[in-house]
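Given next are the chains, with one letter for each unit.
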Amino acid sequence: MRIAVISDIHGNLEAFNAVLEHLDNNADEIISLGDIVGYGPNPKECCDIIREKRIYSLCGNHDVACFDDDLISYFNPYAREAILWTRSQLTDEYISFLKGLPFEDILHSFRIVHGAPGSPFDYIMTSSDAIEAFASFREDICFIGHSHIMEFYEQRKGHPLVRQLSLRNQQELILEEDKRYIINVGSVGQPRDRDPRAGYIVYDTEARVIRAYRVEYRIDIVQRKMQLKGLPPILWERLELGR
Ligand code: ZN
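About the thresholds
- Residues numbered from 1 in each chain as written.
- Predicted model: local features only at pLDDT ≥ 70, side-chain atom pairs only at ≥ 80, totals over all residues.
- Heavy atoms only, no water.
- Donors = N, O, S within 2.8 Å, 3.2 Å for Na, K, Ca; no water.
- Tetrahedral: all angles 85-135°; square planar, octahedral: opposite > 155°, others 65-115°.
- Helix = DSSP H or I, 4+ residues; strand = E, 2+ residues; numbered from the N terminus.
- Buried < 20%, exposed > 50% of the residue type's maximum accessible area, 1.4 Å probe, protein only.
- Pairing = 2+ DSSP bridges.
- Contact = heavy atoms within 4.5 Å.
- Axes fitted to C-alpha atoms, helices over the stretch in contact; angles between N-to-C directions.
- Phe/Tyr/Trp six-rings, centres within 6.5 Å; stacked < 30°, edge-to-face > 60°.
- Lys NZ or Arg CZ within 6 Å of the ring centre and 35° of its normal.
- 1 Å grid on protein atoms, 1.4 Å probe; cavity = no way out; pocket = protein on both sides within 12 Å on 5 of 7 lines; lining within 4 Å.
- Points joined across faces, edges and corners; volume = space filled by probe spheres on them.
- Nonpolar A, V, L, I, M, F, W, Y, C, P; charged D, E, K, R; others polar.
- Parallel < 35°, antiparallel > 145°, perpendicular 65-115°, else oblique.
- Left-handed = near helix turned anticlockwise from the far one by under 90°.
- Core = buried A, V, L, I, M, F, W, Y, C linked by side-chain atoms within 4.5 Å.

## So, the coordination of the zinc ion
Protein-derived ligands of the zinc ion are Asp8 (OD), His10 (NE2), Asp35 (OD) and His148 (NE2), with the metal-ligand distances lying across 2.0 to 2.4 Å. Every donor counted, the four donor atoms about the zinc ion form angles of 86 to 179° at the centre, which fits irregular coordination. Taken in chain order, the donor set of the zinc ion reads D-x1-H-x24-D-x112-H. Taken together, the positions of Asp8 in the loop between strand 1 (2-6) and helix 1 (13-23) and His148 in the loop between strand 6 (141-144) and strand 7 (150-156) put the pair 140 residues apart, joining distant regions of the chain. In terms of burial, Asp8 and His148 fall into one category: buried.

## Overview of the sheet that holds strand 2 (residues 29-32)
Strands belonging to one sheet form pairs held by backbone hydrogen bonds; the direction of such a pair is parallel or antiparallel. Taking strand neighbours across the sheet as the criterion, the six strands line up as 3-2-1-11-12-9 in an open arrangement whose pairing is mixed. The strands lining the two open edges of the sheet, one partner per strand, are strand 3 (56-57) and strand 9 (172-174). Looking at chain direction, strand 11 (residues 198-204) and strand 12 (residues 209-215) are connected through seven bridges and run antiparallel. Bridge assignment links Asp204 to a residue of strand 12, and that residue is Val209. Docked against the sheet, helix 1 engages strand 1, strand 2, strand 11 and strand 12, running at close to 30° with respect to strand 11.

## Overview of the pairing of strand 10 (residues 179-185)
Along any regular strand, the residues point their side chains to alternate faces of the sheet. Within strand 10, seven of the seven residues are buried, which leaves it mostly tucked inside the rest of the structure. Both strand 7 and strand 10 contribute to a ladder of seven bridges, which runs antiparallel. Counterpart to Glu154 in the pairing with strand 10 is Tyr181.

## Details of the packing of aromatic side chains
Evaluated as defined, the whole model comprises six aromatic pairs. Relative to Phe121, the ring of Phe103 has its centre 5.8 Å away and its plane inclined at 75°; by these criteria the two rings are edge-to-face. Of this pair, Phe103 sits in the loop between helix 6 (92-99) and strand 4 (104-107) while Phe121 sits in the loop between strand 5 (110-113) and helix 7 (127-134), and the two are 18 residues apart along the sequence. Look at Phe143 and Tyr203: their rings are 5.8 Å apart centre to centre, the planes differ by 50°, and that puts the pair in the tilted class. Placement of the pair is Phe143 in strand 6 and Tyr203 in strand 11, with a sequence separation of 60 residues. Tyr203 matches Phe143 in its accessibility class, with the two residues each being buried. Taken together, the ring pairs connect Phe110, Phe143 and Tyr203 into an aromatic cluster. Sitting over the ring of Tyr94, Arg51 keeps its end group 5.9 Å from the ring centre.

## Considering empty space enclosed by the protein
Over the atoms rolls a probe the size of a water molecule, and in doing so it shows where empty space is left. Applying the stated rule across the entire model yields one cavity of 30 Å³ or more. In terms of lining, the largest cavity is formed by His10, Asn12, Tyr39, Gly40, Gly189, Gln190, Val222, Met226 and Leu239. A class-by-class count of the residues in the lining of the largest cavity yields four nonpolar, five polar and no charged.

## Some remarks on the sheet that holds strand 6
Spatially, six strands are ordered 4-5-6-10-7-8 in an open sheet, and the strand pairing comes out mixed. Because the sheet does not close on itself, it has two edges, and the strands there are strand 4 and strand 8 (163-166). Neighbour to neighbour, the strand axes of the sheet diverge by 20° on average, direction disregarded.

## Section: the packing of helix 2 (residues 43-52) against helix 6
Relative placement of two packed helices is described by the angle separating their axes and the distance separating the axes. Where helix 2 meets helix 6, the axes come as close as 11 Å, and the angle between the chain directions of the two elements is 55°. Classed by the angle they form, the pair helix 2 and helix 6 counts as oblique. As for how helix 2 packs across helix 6, the hand of that crossing is left-handed. When helix 2 is examined against helix 6, the residues Lys44, Cys47, Asp48, Ile50 and Arg51 are found in contact with a partner set consisting of Glu93, Tyr94, Phe97 and Leu98. For the contact of helix 2 with helix 6, a count of residues per class yields five nonpolar, no polar and four charged.

## Brief notes about the layout of surface pockets
Taken as a whole, the largest pocket encloses approximately 250 Å³ of empty space. What lines the largest pocket is a set of 16 residues, among which Asn61, His62, Phe75, Tyr123 and His146 lie closest to the centre. Residue composition of the lining of the largest pocket, by class: seven nonpolar, six polar and three charged.

## A closer look at the nonpolar core
The biggest cluster of nonpolar side chains holds 51 residues, and the ones touching the most others in it are Phe16, Ile36, Leu98 and Tyr200. If near-sequence neighbours (up to four positions away) are discounted, Ile36 is found in contact with Ile9, His10, Gly11, Cys46, Cys47, Ile50, Ser57, Asp63, Phe97, Leu98 and Leu101. Listed in part, the 22 residues of the second largest apolar core include Val5, Leu175, Ile183 and Ile201.

Any functional reading would require information beyond the geometric quantities listed.
As structure tokens, then:
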């Protein structure tokens, strides 16, 4: 089975559509790790696609911030401004859809969570974060998003040390039986690893191979929409820089 894992769409419809088109015939199932909305100009349309295509999606911190005032207080001013705008776009129906999304799950024997196992909104950014994270779940593989950086961490079973390695376009990662992995699938709608192309991975469960992909999309169209909707310039300027 080939499972596409996507994350952090962030209301970027052009990037989302480009990824869906690219993975067509390339995946039997799609899983989303959350942050469907926030930052981008098309939160409703991105939720509509998730529902229409019955994509199983987790809940991210931006999804929660659409209905939870406590969470919004942790956001920087630009993210907060974008969430307040996003809230103004979403009817009760969309809010209850977001409220219904789970935070963490185990599917086909791997774990999925937006941020970190057991702490959905914590970041795994360093090998010491990953050492702590590996100790907190049992499965061999955990897929995460949240940092918008496509990379992976590997740990030989029974050994404490962790290696942190980047994942690039077209890279194949062959999973070894005696290792455990935390795989950050990057971001569809707002990559921050200096590659502005939309990112996602496909996991071939039989071959035990992860393939990483980066897909070009019309960044200029998204930037124009964000400009017209009055979203903070820093949020649309960063899209073409991938940071
Ligand atoms: Zn995010």
